[in-house]
Amino acid sequence: MQIGEVAERTGLSLRTIRYYEEVGLAVPSSRSQGGFRLYSADDLDRLLLLKSMKPAGLQLAEIRELLTILGRPAVDRTDEDRSRLGQFAAQADAQREKLRRRIDTVTGLVETLTAEAGA
């Protein structure tokens, strides 16, 4: 797949995909003879994983560390790896709770505005 199709499938901008390549988080599997980036299904999966990490509030170094751990087969992960995965899970859960509270707040606003519009 070329970058435009990958952007469409992932919902990421071309700029974001290029940035991930620039910082070494998601490098295309190959390039065409004309120099176009070519992405595989595995590359697409990695970009979707990166996309899911962004709302979790992870910093670039944390994303890199998490990708490294997740890139290892589960049987090869150390106790430290499993501990870090637990920490990342807790961090993502805390961010999810923050987002849930924001959604609840906006839901309340929508309900108020809808009621006012009907009054």
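Please read all numbers here as calculations on a predicted model, not as lab measurements.

**Student:** Hey, could you go over the packing of helix H3 (residues 41-53) against helix H4 (residues 60-70) for me, with residue numbers and the actual values?
**Tutor:** Two elements in contact, H3 and H4, have axes separated by 11 Å at closest approach and are oriented at 135 degrees. Put simply, H3 runs oblique to H4. Regarding H3 and H4, the two cross each other, and that crossing is right-handed. Contact residues: H3 offers Arg46, Leu49, Leu50 and Met53, while H4 offers Ile63, Leu66, Leu67 and Leu70. A class-by-class count of the residues in the contact of H3 with H4 yields 7 nonpolar, no polar and 1 charged.

**Student:** An account of the environment of leucine 12 is requested, with residue identities and associated values reported.
**Tutor:** Structurally, leucine 12 is set in the loop between helix H1 (3-10) and helix H2 (14-22). On a C-alpha basis, the gap between leucine 12 and leucine 67 in space is 18 Å, while along the polypeptide they are 55 residues apart. Contact partners of leucine 12, with chain neighbours within four places excluded, come to Ala7, Ile17, Tyr20, Leu47 and Lys51.

**Student:** Could you give an account of the packing of H1 against H2, naming the residues involved and the relevant values?
**Tutor:** Relative orientation of the contacting elements H1 and H2 amounts to 110 degrees, with a least axis distance of 9 Å. Classified by the angle between their axes, H1 and H2 sit roughly perpendicular to one another. On the side of H1, the interface is formed by Ile3, Gly4, Val6, Ala7 and Thr10, while H2 contributes Leu14, Ile17 and Arg18. A breakdown of the residues in the contact of H1 with H2 according to their chemical character gives 5 nonpolar, 2 polar and 1 charged.

**Student:** With reference to specific residues and values, describe the side chain of threonine 10.
**Tutor:** Inspection of the secondary structure puts threonine 10 in helix H1. In this structure threonine 10 touches Ile17, Leu44, Leu47, Leu48 and Lys51, once residues within four positions along its chain are discounted.

**Student:** Would you mind going over the packing of aromatic side chains in detail, with residue names and values included?
**Tutor:** Overall, the coordinates contain 1 aromatic pair when judged by the stated rule. Ring centres of tyrosine 19 and tyrosine 20 lie 6.3 Å apart, and the angle between their planes is 50 degrees; on these two criteria the pair is classed as tilted. Judged by relative accessible area, which is 38%, tyrosine 19 ranks as partly exposed. It is arginine 84 that lies over the ring of phenylalanine 88; its NZ or CZ is 4.4 Å from the centre.

Rules used in this analysis
- Note that residues are indexed from 1 along each chain, following the sequence as it is written.
- With the structure being a predicted model, the display of local features is reserved for residues of pLDDT at least 70 and the display and counting of side-chain atom pairs for 80 or more, all residues being used for whole-chain, interface and lining totals.
- To obtain the side-chain values, all non-hydrogen atoms of the structure were included, while hydrogens and water were left out.
- Axis lines are fitted through C-alpha atoms, for helices just across the contact stretch, and the angle between N-to-C directions can take any value from 0 to 180 degrees.
- Working definition: helices are DSSP H or I runs of at least four residues, strands are E runs of at least two. Numbering for both runs from the N terminus.
- When describing relative orientation, an angle under 35 degrees is termed roughly parallel and one over 145 degrees roughly antiparallel, while 65 to 115 degrees is termed roughly perpendicular and anything else oblique.
- By the definition used in this description, the sense in which the near helix is turned from the far one sets the handedness, with an anticlockwise turn below a right angle giving left-handed and a clockwise turn giving right-handed.
- The contact criterion used throughout is that any non-hydrogen atoms of two residues lie within 4.5 Å.
- Ten residue types, Ala, Val, Leu, Ile, Met, Phe, Trp, Tyr, Cys and Pro, are classed as nonpolar, four, Asp, Glu, Lys and Arg, as charged, and the remainder, Gly among them, as polar.
- Each Phe, Tyr or Trp ring (for Trp, its six-membered ring) is paired with any other whose centre lies within 6.5 Å, and the angle between the two planes then decides the class: stacked below 30 degrees, edge-to-face above 60, tilted in between.
- Think of it in three bands: with a 1.4 Å probe and only protein chains considered, a residue is buried below 20% of the maximum accessible area for its type, exposed above 50%, and partly exposed in between.
- Remark: a charge is flagged as sitting over a ring if the NZ atom of Lys or the CZ atom of Arg is within 6 Å of the ring centre and within 35 degrees of the ring normal.

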